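# Per-entry structural report
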Amino acid sequence: MGGRSAQVIDERDSRTATGPAAAEGPPPHLIFKRRLRPAQVARELWGARELVRALAERDLRARYKQAVLGFAWAVLTPLALCAIFTLVFHRAVKIDTGGAPYTLFAYVGLIVWQFFSNTMNQGALSLANNLSLLNKVYCPREVFPLATMLVATVDMLIGTAVLGLLFLLFWTAPAATLLWALPLLLIQFAFTYGVALILSVAVVYLRDVRHLLPIITQMGVFATPVAYPLAKIPVRLQEIYVGINPLGAVIEGYRRALLYGQAPDLGLTCIAAVSSVVFLVGGYLFFKKLETGIADVA
């Protein structure tokens, strides 16, 4: 009799376990839902500003502490590339710069590209290189790629100072449309940070991504209009190209504003702005979606 009762109970439990309730999962009120509020995110990032500064200062010291030339390395790389581009593209291919000195033309693009490539490469490794720290200290984990972008910003400011010296060397001056550089800078920052967020968390989950970074850097400098104008891209493809790579419109806008005294192409600039926001928001959501498992994967 006891065995019969136990069998009935087991059958009842098995029907309950395989019923609709089990198939649907736990009740909705027990499911963890992470809500991202822009105001709260901004407050957390602002509250971690000292940590961002400390991380950036640490990386700057580590990079230049024992270097003989110190911060000069921030401009030697773009200057060396500028010299190579001048010899190869300007002399051999005869790039049309619209009357601007090719050195200035190329260097404007190189400043933007160096900022992007430095942030991309260092930002991609920012989580993987700081796992011991982020597992011990509570902070918004997006501050790690943000700190690498701050370091790249310092390098870019040094490069911009050298650009001023190049203007003096060529006995010319930036055009009065210089203020257009401000919205272009915002587009540049948004796109760069979005890419850094995506790559930083991707490297943690898929270590092969770090081996792709040098390839992306080498191909990207030629796929981006650094050594040549955006006009080399067919007109019918420029909008698609700028949507995929907003740096194309950013570099072209800087050149128009600084070298030619013209406003950036508003159509292409708006496409680049929308694309950069998509990269930033999408990258942040992607980052937040995967950051909860960083400690387990690492």
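Here, every reference points to the structure presented above.
These notes cover the structure that comes with them. (Residues numbered from 1 in each chain as written. Predicted model: local features only at pLDDT ≥ 70, side-chain atom pairs only at ≥ 80, totals over all residues. Heavy atoms only, no water.)

### Details of the overall build of the chain
- Helices and strands together make up the secondary structure of the chain, namely 14 helices and zero strands.
- Listed by position from the N terminus, the elements making up the chain come as α-α-α-α-α-α-α-α-α-α-α-α-α-α.
- Looking at the 298 residues of the chain, the share that counts as buried comes to 43%.
- Once local pairs closer than 6 in sequence are excluded, the contacts in the chain between residues at least 24 apart make up 82%. (Helix = DSSP H or I, 4+ residues; strand = E, 2+ residues; numbered from the N terminus. Buried < 20%, exposed > 50% of the residue type's maximum accessible area, 1.4 Å probe, protein only. Contact = heavy atoms within 4.5 Å.)

### Let's talk about the nonpolar core
- Within the largest apolar cluster, 73 residues are counted, with the highest numbers of intra-cluster contacts made by F85, Y102, Y107 and L163.
- By size, the runner-up hydrophobic cluster in this structure holds five residues, among which are A56, L60, Y64 and A74. (Core = buried A, V, L, I, M, F, W, Y, C linked by side-chain atoms within 4.5 Å.)

### A few points about a nonpolar patch on the surface
- Nonpolar side chains collect at one region of the surface, where L212, I215, I216 and M219 lie side by side and expose about 370 Å² of accessible area between them.
- Turning to its location among the elements, L212 is positioned in helix α10 (residues 209–223). (Patch = residues over 30% accessible without salt bridge, like charges linked within 9 Å, V, L, I, M, F, W, Y side chains within 5 Å. Areas by Shrake-Rupley, 256 points an atom, 1.4 Å probe, with all protein chains shown as cover. Salt bridge = Lys/Arg side-chain N within 4 Å of Asp/Glu carboxyl O.)

### Considerations on the packing of aromatic side chains
- Summed over all chains, the structure comprises six aromatic pairs.
- Aromatic pair F85 and F222: ring centres 6.4 Å apart, planes at 65°, arrangement edge-to-face. In this pair, F85 sits in helix α5 (residues 73–93) while F222 sits in helix α10, placing the two residues 137 residues apart along the sequence.
- Taking relative accessible area as the criterion, F85 reaches 4% and is therefore assigned buried.
- The exposure class assigned to F222 is partly exposed, which follows from its relative accessible area of 48%. (Phe/Tyr/Trp six-rings, centres within 6.5 Å; stacked < 30°, edge-to-face > 60°.)

### Let's talk about α10
- Under the 1.5 Å per step criterion, the end-to-end length of α10 is 19 Å for 15 residues, consistent within 8% with the ideal 21 Å.
- Remark: the principal bend of α10, roughly 25°, maps to I216.
- All of the buried residues along α10 are V209, L213, T217, G220 and V221. (Expected span 1.5 Å × (residues − 1). Bend = angle between axes of the 7 residues up to and from the residue.)

### Quick look at the packing of helix α4 (residues 49–64) against helix α8 (residues 143–169)
- It is the contact of α4 with α8, at a shortest axis distance of 8 Å, that shows an interaxial angle of 55°. For the element pair α4 / α8, the angle class is oblique. The handedness of the crossing between α4 and α8 comes out as right-handed. Residues L51, V52, R53, L55, A56, D59, L60, R63 and Y64 of α4 form the contact with α8, whose own contacting residues are V143, F144, L146, A147, T148, L150, V151, V154 and D155.
- Among the residues forming the contact of α4 with α8, the class breakdown is 13 nonpolar, one polar and four charged. (Axes fitted to C-alpha atoms, helices over the stretch in contact; angles between N-to-C directions. Parallel < 35°, antiparallel > 145°, perpendicular 65-115°, else oblique. Left-handed = near helix turned anticlockwise from the far one by under 90°. Nonpolar A, V, L, I, M, F, W, Y, C, P; charged D, E, K, R; others polar.)

### A few points about the packing of α8 against helix α9 (residues 181–205)
- Following both chains from N to C, one finds α8 and α9 inclined at 140°, their axes separated by 10 Å at the closest point. Our classification of the angle between α8 and α9 gives oblique. By crossing handedness, the relation of α8 to α9 is classed as right-handed. Each of P145, L146, M149, T153 and M156 in α8 lies in contact with α9, whose residues at this interface are L185, Q188, F189, T192, Y193, A196, L197 and S200.
- When the residues that make up the contact of α8 with α9 are grouped by side-chain class, the tally is nine nonpolar, four polar and no charged.

### Quick word on the environment of L134
- By secondary structure assignment, the location of L134 is in helix α7 (residues 131–134).
- Accessibility expressed as a relative area gives 4% for L134, which makes it buried.
- Non-local contacts of L134, meaning those with residues more than four positions away in its chain, are made with L127, R141, F144 and I294.

### Considerations on the pattern of salt bridges
- If you walk through the whole model with that rule in mind, you get six salt bridges.
- Across the salt bridge formed by R53 and E50, the nearest N and O atoms sit 3.1 Å from each other. Residue R53 and its partner E50 are located together in helix α4, separated by three residues, close to a single helical turn.
- For R58, the salt bridge goes to D59, with nearest N and O atoms at 3.2 Å.

### What to know about the side chain of K288
- Along the chain, K288 turns up in helix α13 (residues 266–290).
- At a separation of 3.1 Å, a polar atom in the side chain of K288 contacts the side chain of E142. (Polar contact = N/O pair within 3.5 Å; in protein donor to acceptor, adjacent residues only side chain to side chain.)

### Describing the environment of R141
- Inspection of the secondary structure puts R141 in the loop between α7 and α8.
- Note on R141: relative accessible area 18%, which makes it buried.
- As for R141 and E291, which are separated by 150 residues in sequence, their C-alpha atoms are 7.7 Å apart.
- Among residues more than four places away in sequence, those in contact with R141 are L127, L134, N135, F287, E291 and I294.
- Here the side chain of R141 touches E291 through a polar contact of 2.8 Å, landing on its backbone oxygen.

### Notes on the side chain of R255
- Position of R255 among the secondary structure elements: in helix α12 (residues 247–260).
- At 4.4 Å, E252 is the nearest oppositely charged side chain to R255, a buried residue that forms no salt bridge.
- At 2.4 Å, the side chain of R255 and the backbone oxygen of V226 are in polar contact.
- In this structure, R255 is in contact with F105, A106, V108, G109, P225, V226, A227, Y228, P229 and Y260, ignoring residues within four places of it in sequence. (Lys, Arg positive; Asp, Glu negative; His and termini not counted.)

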